[in-house]
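# Secondary and tertiary structure notes
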Amino acid sequence: MDIKVALVGNPNTGKSTLFNRLTGLNQKIGNFPGITVDKKTGFTRLDATRGAEIIDLPGTYSLYPKSKDESIVFQVLADKKNNSHPDVIVLVADASNLKRNMLLYSQVADLGIPMVLALNMVDLSAKQGIEVDVDKLAEKLGIQVVPISARNNTGIDQLKQAVANTNKIATQNLEVDVNFLAPEAINAIKRHINADNDYYALQVLHQHEHLTFFTDQQQVEIEEIEQSHGFESAKVQAAETIARYKHLSTILSDVITDKGTAKKFSFSDKLDGILTHKVWGFAIFLLILFIIFNAIFAWSSYPMDLIESTFGWITAYGHEHLPAGMLTDLLLDGVIAGLGGIFVFIPQIAILFAFISILEDTGYMARVTFMMDKIMSKVGLNGKSVVPMIGGLACAVPSIMAARNIENWKDRMITIMVTPLISCSARLPVYILIISLIVPQETVFGIFSKQGLALMIMYLVGVIAAVAVAWVMKFIIKTKERSYFIMELPIYRMPRWKNVLYTMYEKSKTFVFEAGKVIIAISIILWVMASFGPGNRFEKIDQKYAAALADTARNTTHIETLVATEKLENSYVGILGHFIEPAIRPLGYDWKIGIGLITSFAAREAFVGTMATIYSVDGGDEDSVTIRERMAASVNSKTGLPVYTFATGISLMLFYAFAMQCMSTVAIVYRETKGWKWPVIQLVYMTAMAYVAALVAYQLLK
């Protein structure tokens with residue numbers, strides 16, 4: 001019979017490494033019911049006859065939650081009706097820092113659920129001269145204690161055997177009798193909820209508002225019990241913590257032997273003196289960011305080109321060999337094109353998360369977070385917000401996924417909400433095209449290119465906007481969760497390359513299967529809107545150009561492009577462009593730019609291709625010189641003035657700098673926040689910012 005096993009432990013104890021070691025690829029990510037917190041589950045075989053479902057609970061320093069992630073731990077352990085409630089708990093502890101880890105152990109043990117203690121990183125503790133008498137510790141605690149090294153795959157089989165042999169009835173000794181802390185309140189709660197465990201009743205008094213399995217009426221009644229007995233949560237929590245540490249001192253007094261010397265951390269300390277230095281630390285961090293950013297661009301270009309050309313070849317081959325018709329067009333231009341739009345992001349996602357995994361494994365990421373938190377917290381962000389925001393210069397999609405590393409819900413949400421404001425690589429073709437139209441090819445002081453400076457300014461605009469919006473959202477987004485910065489600086493280690501590869505695989509798979517569903521759906525909708533029009537408009541266009549297409553002496557390729565342009569104008573998306581023209585005319589745009597804004601929702605860089613089609617350019621978006629010539633020469637039919645003036649160009653670039661015209665980003669925000677609320681808010685506020693900025697710029701400069 002299969003059993004459920006929950007992994008519980010402090011952050012940085014190797015719990016996730018153990019989870020990956022036990023489950024391999026047999027794992028999935030969902031979310032806990034009613035809350036946007038990841039639920040990582042997997043499966044492993046304990047022996048020939050039994051398996052186990054492994055649940056990786058969020059890391060926490062104690063059962064008293066400081067974030068939504070941490071509140072999940074007690075909720076799962078307390079509610080026997082919860083689908084994730086375990087039969088056995090494996091508490092993962094860092095063998096080199098056992099006393100601190102054992103506070104959480106003593107709390108969990110007193111809940112009365114069968115337990116096994118996994119002493120992880122015994123190889124590192126041995127190098128530091130720390131020895132743990134495992135047998136004596138097991139005897140004192142009353143449970144099985146298994147020394148392991150999840151990184152090196154040591155002791156994993158013994159841990160599985162220990163879990164398989166664990167008694168269905170908890171055998172651990174009571175750590176602290178908490179009844180003395182608030183006897184009347186604890187006994188009243190036990191009677192009220194029909195419980196027999198003192199510590200469970202005490203935790204209900206502390207954090208019942210986080211427990212969703214209580215009804216509203218029960219919440220009110222528990223609150224009344226608190227007030228009637230004068231229960232003071234903060235004082236009781238402090239008294240309990242002191243009592244537990246006193247008890248743990250007696251437990252561990254003759255269990256741990258430290259033979260290390262004061263020099264055991266000398267290498268790590270010397271390295272920290274450089275890497276966290278007020279000047280050199282930031283310089284080294286900027287250099288590393290430059291390497292990562294450059295790698296995301298340079299290393300991903302070939303595989304991305306290969307993916308794009310492969311899907312292009314599939315589309316061309318399909319049109320050549322499949323029977324012409326609506327179903328073929330839907331399959332090739334809708335579904336296959338949508339799949340191409342998903343898979344093309346995989347190289348960037350894989351490269352970014354490979355670097356993040358390496359930085360985390362080596363211990364450097366903890367130092368970056370430590371250095372940046374003081375600066376970032378002033379604008380409502382977190383030290384860990386740095387990597388997602390910098391990664392946003394390449395692509396917002398993997399960067400928003402990288403915000404997972406931010407434990408605090410409010411900080412994580414603000415990071416997700418502002419990262420798309422950072423100018424990504426998809427905006428680059430638009431910026432280059434517009435700048436080439438409105439900024440002359442001249443230099444300042446004979447050195448700096450005006451066009452280059454204009455491009456740099458557009459990137460700075462995105463960064464400044466992200467910081468400003470984060471500062472505003474710090475006051476708007478409300479949460480009862482307090483923002484704590486607790487960061488343990490682990491020792492430096494070599495990265496686990498297998499774990500790096502697994503992280504690349506897992507993040508890429510998550511994007512393809514989760515965000516991909518939304519991207520495919522939107523791709524099909526856009527294809528339908530661009531491929532069909534009301535009534536017999538398309539038939540009339542075909543009749544109009546039938547004779548010209550039949551004349552082999554003429555340039556039929558150019559005629560076909562004119563047909564495509566007129567059909568686009570008369571399609572549903574073209575009609576929508578005409579419909580929104582009155583709204584965008586104050587920004588200096590005509591209906592053609594309106595179509596470009598709409599089609600850019602599939603991908604911002606689609607603006608260039610859309611302009612190529614609309615202006616009847618042979619060769620598509622690759623012939624950008626011709627695009628510029630045609631666009632520069634275009635005249636507004638109503639005013640007789642050039643369409644792309646300096647005012648219009650600045651207005652358009654500001655619109656693209658702020659608007660969230662990227663269905664991949666919408667899809668990944670939906671996936672990360674587990675709902676449509678935040679992506680809709682993001683879409684609305686960024687569109688409003690884009691419209692207002694573009695309006696002000698055009699009206700001031702025209």
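In the block above lies the structure referred to throughout.
Now for a description of the structure that goes with this document. This structure is a prediction, so every number in the text was calculated from the model and none was measured.

### Regarding the pattern of salt bridges
The final tally for this structure, using the stated rule, is ten salt bridges. Close ionic contact of Asp 56 with Lys 15 constitutes a salt bridge, the shortest N to O distance being 2.7 Å. In this pair, Asp 56 sits in strand E4 (residues 51-56) while Lys 15 sits in helix H1 (residues 15-23), placing the two residues 41 residues apart along the sequence. The burial state of Asp 56 is the same as that of Lys 15; both residues are buried. Residue Lys 136 is joined to Asp 254 by a salt bridge in which the shortest nitrogen-to-oxygen separation is 3.8 Å. Linking Lys 136 in helix H5 (residues 134-141) with Asp 254 in the loop between helix H10 (233-252) and strand E9 (256-258), this pair joins segments that are 118 residues apart in sequence. Owing to a relative accessible area of 31%, Lys 136 belongs among the partly exposed residues under this scheme. Among the charged side chains, a salt-bridge network with shared partners connects Asp 110, Glu 240 and Arg 244.

### Looking at the nonpolar core
Core analysis: the biggest nonpolar cluster contains 86 residues, and Val 418, Tyr 589, Phe 607 and Leu 652 have the highest contact counts within it. Per element, the largest residue contribution to this core is eight residues, and it comes from helix H20 (residues 450-476). Not counting the four nearest positions on each side in its chain, Val 418 is found in contact with Leu 381, Met 389, Ala 466, Val 469, Ala 470, Met 473 and Tyr 685. In this structure, Phe 74, Ala 78, Leu 119 and Leu 141 belong to the second largest nonpolar core, which totals 62 residues.

### A look at the packing of aromatic side chains
Under the definition given, this model contains nine aromatic pairs. Their ring planes at 80° and their centres at 5.1 Å tell us that Trp 471 and Phe 475 sit as a pair that is edge-to-face. Of this pair, Trp 471 and Phe 475 are both found in helix H20, four residues apart, which corresponds to roughly one turn of the helix. Under the relative-accessibility criterion, Trp 471 is labelled partly exposed at 44%. Positioned above the aromatic ring of Tyr 199 is the side chain of Arg 244, whose terminal nitrogen or guanidinium carbon lies 4.5 Å from the ring centre.

### Details of the packing of helix H28 (residues 646-658) against helix H30 (residues 677-701)
Across the interface, H28 lies against H30 with an axial gap of 8 Å and an inter-helix angle of 165°. In terms of orientation, H28 and H30 fall into the roughly antiparallel class. The chirality of how H28 crosses H30 is right-handed. Contacts from Phe 646, Ala 647, Thr 648, Ile 650, Ser 651, Leu 654, Phe 655 and Phe 658 of H28 reach H30 at Met 686, Met 689, Ala 690, Tyr 691, Ala 693, Ala 694, Ala 697, Tyr 698 and Leu 701.

Conventions we followed
Residues numbered from 1 in each chain as written. Predicted model: local features only at pLDDT ≥ 70, side-chain atom pairs only at ≥ 80, totals over all residues. Heavy atoms only, no water. Salt bridge = Lys/Arg side-chain N within 4 Å of Asp/Glu carboxyl O. Helix = DSSP H or I, 4+ residues; strand = E, 2+ residues; numbered from the N terminus. Buried < 20%, exposed > 50% of the residue type's maximum accessible area, 1.4 Å probe, protein only. Core = buried A, V, L, I, M, F, W, Y, C linked by side-chain atoms within 4.5 Å. Contact = heavy atoms within 4.5 Å. Phe/Tyr/Trp six-rings, centres within 6.5 Å; stacked < 30°, edge-to-face > 60°. Lys NZ or Arg CZ within 6 Å of the ring centre and 35° of its normal. Axes fitted to C-alpha atoms, helices over the stretch in contact; angles between N-to-C directions. Parallel < 35°, antiparallel > 145°, perpendicular 65-115°, else oblique. Left-handed = near helix turned anticlockwise from the far one by under 90°.

Keep in mind these values describe shape, not function.
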